[in-house]
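# Secondary and tertiary structure notes
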Amino acid sequence: MKEQEGVIKYQLHHTQQPIGHPFSFTEINAWRTIVFRLGLIGQSPEKYANIGFGNISQRLTPDSAQFIISGTQTGHIEQLSPEHYCLIVKADPSKNLIQSCGLCQPSSESLTHASVYAHDSKIQAVIHTHCPEIWNHTAVLKLPHTTANISYGTVEMATAVEQLFQSDELTQTSLFTMLGHEDGVVSFGRNMQEAAWELIKYLSLAIGIEQQCNTE
Ligand SMILES: [Zn+2]
(Lines give C-alpha, C1' and ligand atoms only; values in the text may rest on other atoms or scores of the structure.)
Protein backbone atom coordinates (compact mmCIF):
# COMPACT_ATOMS: atom_id res chain seq x y z
CA MET A 1 0.00 0.00 0.00
CA LYS A 2 1.38 3.39 -0.99
CA GLU A 3 0.78 6.26 1.34
CA GLN A 4 2.17 9.69 1.73
CA GLU A 5 4.94 10.06 4.27
CA GLY A 6 4.87 12.91 6.72
CA VAL A 7 1.14 13.59 6.85
CA ILE A 8 -0.10 14.10 10.41
CA LYS A 9 -3.11 11.84 10.94
CA TYR A 10 -3.80 12.44 14.61
CA GLN A 11 -5.58 15.28 16.34
CA LEU A 12 -2.89 17.73 17.38
CA HIS A 13 -3.10 20.38 20.08
CA HIS A 14 0.20 22.18 19.67
CA THR A 15 1.42 25.19 21.64
CA GLN A 16 3.99 27.18 19.69
CA GLN A 17 6.39 28.03 22.50
CA PRO A 18 9.81 26.87 23.71
CA ILE A 19 9.81 23.48 25.49
CA GLY A 20 10.42 25.13 28.88
CA HIS A 21 11.89 22.06 30.64
CA PRO A 22 15.59 21.48 31.21
CA PHE A 23 16.71 18.75 28.82
CA SER A 24 20.10 17.89 27.39
CA PHE A 25 19.86 17.42 23.62
CA THR A 26 23.46 16.24 23.32
CA GLU A 27 22.85 12.49 23.23
CA ILE A 28 19.68 12.39 21.14
CA ASN A 29 21.16 14.85 18.68
CA ALA A 30 24.44 12.96 18.25
CA TRP A 31 22.56 9.72 17.54
CA ARG A 32 20.17 11.56 15.24
CA THR A 33 23.19 12.70 13.18
CA ILE A 34 24.65 9.17 13.07
CA VAL A 35 21.35 7.69 11.89
CA PHE A 36 21.05 10.52 9.34
CA ARG A 37 24.55 9.73 8.02
CA LEU A 38 23.50 6.09 7.62
CA GLY A 39 20.65 7.33 5.42
CA LEU A 40 17.99 5.88 7.74
CA ILE A 41 16.55 9.30 8.58
CA GLY A 42 16.62 11.84 5.80
CA GLN A 43 15.03 13.28 2.73
CA SER A 44 15.68 12.40 -0.89
CA PRO A 45 14.10 13.25 -4.26
CA GLU A 46 14.25 9.51 -5.07
CA LYS A 47 12.27 8.45 -2.01
CA TYR A 48 8.71 9.01 -0.80
CA ALA A 49 8.08 12.03 -3.06
CA ASN A 50 10.93 13.97 -1.44
CA ILE A 51 9.24 14.13 1.95
CA GLY A 52 11.41 13.82 5.07
CA PHE A 53 11.42 10.40 6.74
CA GLY A 54 12.37 8.98 10.14
CA ASN A 55 12.34 10.48 13.61
CA ILE A 56 13.87 10.02 17.04
CA SER A 57 12.65 10.49 20.60
CA GLN A 58 13.73 10.26 24.23
CA ARG A 59 11.81 10.41 27.51
CA LEU A 60 11.95 13.82 29.14
CA THR A 61 13.09 12.22 32.43
CA PRO A 62 13.37 8.50 33.27
CA ASP A 63 10.01 8.44 35.09
CA SER A 64 8.11 10.80 32.84
CA ALA A 65 5.32 9.89 30.43
CA GLN A 66 6.36 12.92 28.36
CA PHE A 67 9.01 12.69 25.66
CA ILE A 68 11.07 14.85 23.36
CA ILE A 69 10.77 14.07 19.62
CA SER A 70 12.26 15.49 16.45
CA GLY A 71 9.95 17.84 14.60
CA THR A 72 8.03 17.19 11.42
CA GLN A 73 9.82 18.00 8.14
CA THR A 74 13.32 18.09 9.63
CA GLY A 75 14.54 15.05 7.67
CA HIS A 76 16.83 17.06 5.39
CA ILE A 77 18.90 18.59 8.22
CA GLU A 78 22.09 16.74 9.24
CA GLN A 79 22.48 18.42 12.61
CA LEU A 80 19.35 19.50 14.43
CA SER A 81 19.15 22.27 17.04
CA PRO A 82 16.90 22.27 20.13
CA GLU A 83 14.28 24.28 18.23
CA HIS A 84 13.88 21.33 15.83
CA TYR A 85 12.54 19.19 18.66
CA CYS A 86 9.29 19.38 20.54
CA LEU A 87 7.81 17.97 23.73
CA ILE A 88 4.93 15.53 23.68
CA VAL A 89 3.06 16.71 26.74
CA LYS A 90 0.30 14.14 26.50
CA ALA A 91 -0.46 11.36 24.05
CA ASP A 92 -3.49 9.13 23.87
CA PRO A 93 -2.94 6.57 21.09
CA SER A 94 -6.39 5.03 21.59
CA LYS A 95 -8.07 8.41 20.98
CA ASN A 96 -5.60 9.49 18.28
CA LEU A 97 -4.71 12.57 20.29
CA ILE A 98 -1.45 14.43 20.85
CA GLN A 99 -0.76 17.50 22.93
CA SER A 100 2.63 19.08 22.32
CA CYS A 101 4.69 22.20 22.73
CA GLY A 102 7.80 23.50 21.02
CA LEU A 103 8.99 25.77 18.26
CA CYS A 104 8.14 23.16 15.65
CA GLN A 105 5.33 20.64 15.36
CA PRO A 106 5.91 17.00 16.29
CA SER A 107 6.75 14.26 13.83
CA SER A 108 3.79 12.70 12.07
CA GLU A 109 4.70 9.40 13.72
CA SER A 110 4.66 10.62 17.32
CA LEU A 111 1.71 8.39 18.15
CA THR A 112 3.72 5.25 17.34
CA HIS A 113 6.52 6.47 19.64
CA ALA A 114 3.89 7.14 22.33
CA SER A 115 2.53 3.58 22.03
CA VAL A 116 6.02 2.14 22.55
CA TYR A 117 6.68 4.26 25.66
CA ALA A 118 3.26 3.40 27.07
CA HIS A 119 3.97 -0.34 27.13
CA ASP A 120 7.24 -0.43 29.02
CA SER A 121 8.44 2.20 31.50
CA LYS A 122 12.03 0.97 31.06
CA ILE A 123 12.07 2.17 27.45
CA GLN A 124 13.80 5.55 27.33
CA ALA A 125 14.51 5.98 23.61
CA VAL A 126 12.75 5.20 20.33
CA ILE A 127 14.07 5.55 16.78
CA HIS A 128 11.83 5.27 13.74
CA THR A 129 13.83 4.84 10.56
CA HIS A 130 13.27 3.87 6.96
CA CYS A 131 15.51 0.95 6.17
CA PRO A 132 14.70 -1.08 3.03
CA GLU A 133 17.32 -3.73 3.88
CA ILE A 134 15.80 -4.62 7.26
CA TRP A 135 12.18 -4.14 6.08
CA ASN A 136 12.60 -6.39 3.04
CA HIS A 137 14.10 -9.16 5.15
CA THR A 138 11.46 -9.08 7.91
CA ALA A 139 10.53 -12.73 7.25
CA VAL A 140 14.07 -14.12 6.94
CA LEU A 141 15.18 -12.27 10.07
CA LYS A 142 11.97 -13.43 11.82
CA LEU A 143 11.32 -9.89 12.97
CA PRO A 144 8.27 -8.85 14.98
CA HIS A 145 6.10 -6.73 12.68
CA THR A 146 2.78 -5.00 12.22
CA THR A 147 0.87 -6.21 9.18
CA ALA A 148 0.59 -4.70 5.70
CA ASN A 149 -2.98 -3.48 6.21
CA ILE A 150 -1.99 -1.14 9.06
CA SER A 151 -0.55 2.26 8.13
CA TYR A 152 1.50 4.58 10.30
CA GLY A 153 0.14 7.09 12.77
CA THR A 154 -3.26 5.44 13.19
CA VAL A 155 -5.20 4.02 16.13
CA GLU A 156 -4.88 0.61 14.40
CA MET A 157 -1.09 0.98 14.53
CA ALA A 158 -1.25 1.81 18.25
CA THR A 159 -3.36 -1.32 18.81
CA ALA A 160 -1.01 -3.45 16.72
CA VAL A 161 2.01 -2.18 18.68
CA GLU A 162 0.17 -3.00 21.91
CA GLN A 163 -0.41 -6.55 20.66
CA LEU A 164 3.29 -6.94 19.82
CA PHE A 165 4.18 -5.97 23.38
CA GLN A 166 1.57 -8.30 24.84
CA SER A 167 2.91 -11.22 22.83
CA ASP A 168 6.38 -12.51 23.62
CA GLU A 169 7.76 -11.16 20.39
CA LEU A 170 9.49 -8.10 21.80
CA THR A 171 11.22 -9.73 24.75
CA GLN A 172 14.29 -10.84 22.77
CA THR A 173 14.21 -8.18 20.07
CA SER A 174 13.87 -4.42 20.59
CA LEU A 175 12.95 -3.76 16.99
CA PHE A 176 9.91 -4.28 14.80
CA THR A 177 8.99 -3.48 11.23
CA MET A 178 5.76 -1.92 9.95
CA LEU A 179 4.79 -3.77 6.79
CA GLY A 180 2.03 -1.24 6.05
CA HIS A 181 4.56 1.60 6.04
CA GLU A 182 7.16 1.29 3.28
CA ASP A 183 10.63 0.59 4.74
CA GLY A 184 9.35 1.46 8.24
CA VAL A 185 11.38 0.16 11.19
CA VAL A 186 11.08 1.04 14.91
CA SER A 187 13.83 0.29 17.42
CA PHE A 188 13.90 1.14 21.11
CA GLY A 189 15.99 0.67 24.23
CA ARG A 190 16.75 1.60 27.82
CA ASN A 191 18.83 4.44 26.42
CA MET A 192 19.59 6.05 23.06
CA GLN A 193 22.63 3.85 22.51
CA GLU A 194 20.68 0.60 22.98
CA ALA A 195 17.99 1.70 20.53
CA ALA A 196 20.62 2.61 17.94
CA TRP A 197 22.67 -0.57 18.45
CA GLU A 198 19.65 -2.79 17.90
CA LEU A 199 19.00 -0.97 14.64
CA ILE A 200 22.61 -1.24 13.47
CA LYS A 201 22.77 -4.91 14.49
CA TYR A 202 19.79 -5.80 12.32
CA LEU A 203 21.10 -3.61 9.49
CA SER A 204 24.30 -5.65 9.51
CA LEU A 205 22.33 -8.93 9.47
CA ALA A 206 20.16 -7.68 6.58
CA ILE A 207 23.17 -6.48 4.58
CA GLY A 208 24.79 -9.86 5.26
CA ILE A 209 21.79 -11.65 3.74
CA GLU A 210 21.91 -9.41 0.66
CA GLN A 211 25.64 -9.84 0.16
CA GLN A 212 25.31 -13.60 0.51
CA CYS A 213 22.59 -13.62 -2.16
CA ASN A 214 24.75 -11.51 -4.46
CA THR A 215 27.73 -13.82 -4.29
CA GLU A 216 25.82 -17.07 -4.80
ZN1 LIG B 1 8.05 6.64 8.55
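Anyway, here's the lowdown on the structure attached to this text. (Residues numbered from 1 in each chain as written. Predicted model: local features only at pLDDT ≥ 70, side-chain atom pairs only at ≥ 80, totals over all residues.)

## What about the overall build of the chain?
A count of helices and strands for the chain gives six helices and nine strands. Since a compact globule built from 216 residues should have a radius of gyration of about 17 Å, the 16 Å found for the chain is in line with a globular shape. Expressed as lengths along the three principal axes of its C-alpha atoms, the size of the chain is roughly 55 × 35 × 30 Å. Considering the chain as a whole, with its 216 residues, one finds that 44% of them fall into the buried category. In the chain, of all internal contacts separated by at least 6 residues, the share reaching a separation of at least 24 is 63%. (Helix = DSSP H or I, 4+ residues; strand = E, 2+ residues; numbered from the N terminus. Rg over C-alpha atoms; globule rule 2.2 N^0.38 Å. Buried ≥ 20, exposed ≤ 12 C-beta atoms within 10 Å, placed from the backbone. Contact = placed C-beta atoms within 7 Å.)

## Concerning the environment of Gln-105
Here Gln-105 is to be found in the loop between β5 (97-102) and α2 (110-119). Residue class for Gln-105 comes out partly exposed when judged on the 17 C-beta atoms lying within 10 Å of it. Sequence-distant contacts of Gln-105, that is, excluding residues within four places in its chain, are made with Leu-12, His-14, Gly-71, Thr-72 and Cys-86.

## A few points about the sheet that holds strand β4 (residues 85-92)
Sheet architecture is open: nine strands sit in the order β1-β5-β4-β3-β2-β6-β9-β8-β7, paired in mixed fashion. The open sheet has two edge strands, β1 (11-16) and β7 (145-146), and neither has a second partner. Running over the sheet, helix α1 (residues 26-37) touches β2 (55-59), β3 (67-70) and β6 (125-130) and is turned about 160 degrees from β2. (Pairing = 2+ DSSP bridges. Axes fitted to C-alpha atoms, helices over the stretch in contact; angles between N-to-C directions.)

## Description of the environment of Ser-187
Locating Ser-187 in the fold gives a position in strand β9 (residues 184-189). With 28 C-beta atoms packed within 10 Å, Ser-187 lands in the buried category. As for Ser-187 and Gln-166, which are separated by 21 residues in sequence, their C-alpha atoms are 17 Å apart.

## Examining unusual backbone geometry
Although it is not a glycine, Ala-49 sits at a positive phi angle of roughly 55 degrees. Take Ala-49: it is sitting in the loop between α1 and β2. The backbone of Asn-50 shows a phi angle near 60 degrees, a positive value even though the residue is not glycine. Within the secondary structure, Asn-50 is located in the loop between α1 and β2. On the neighbour-count criterion, Asn-50 (13 C-beta atoms within 10 Å) is partly exposed.

## Here's the deal with the packing of α2 against helix α4 (residues 155-166)
Viewed as axis vectors pointing N to C, α2 and α4 meet at an angle of 30 degrees, and their least axial separation amounts to 9 Å. By the criterion of interaxial angle, the relationship of α2 to α4 is roughly parallel. For the pair α2 and α4, the crossing hand works out as right-handed. Contact with α2, carried on its side by Leu-111, Thr-112, Ser-115, Val-116 and His-119, involves Met-157, Ala-158, Val-161, Glu-162 and Phe-165 of α4 and no other residues of that element. (Parallel < 35°, antiparallel > 145°, perpendicular 65-115°, else oblique. Left-handed = near helix turned anticlockwise from the far one by under 90°.)

## Topic: the nonpolar core
Counting 52 residues, the largest nonpolar core has Val-35, Val-126, Ile-127, Val-186 and Ala-195 as its most contacted members. At six residues, helix α6 (residues 192-215) tops the list of elements feeding residues into this core. (Core = buried A, V, L, I, M, F, W, Y, C linked by C-beta atoms within 7 Å.)

## Section: the pairing of β6
The buried fraction of β6 is high, at six of six residues. Of the two faces of β6, the one lined by Ala-125, Ile-127 and Thr-129 and the one lined by Val-126, His-128 and His-130 are each fully buried. Alignment of β2 against β6, held across four bridges, turns out to be antiparallel. Note that in β6 the partner of Asn-55 across the bridge is His-128. Here β6 pairs with β9 via six bridges, running antiparallel.

## Some details on α2
Burial analysis of α2 places eight of its ten residues in the buried class, the great majority of the element. For α2, the set of buried residues is Ser-110, Leu-111, Thr-112, His-113, Ala-114, Ser-115, Val-116 and Tyr-117.

## A word on the environment of Pro-22
Locating Pro-22 in the fold gives a position in the loop between β1 and α1. When the C-alpha positions of Pro-22 and Leu-60 are compared, they lie 8.7 Å apart, and in sequence the two are 38 residues distant.

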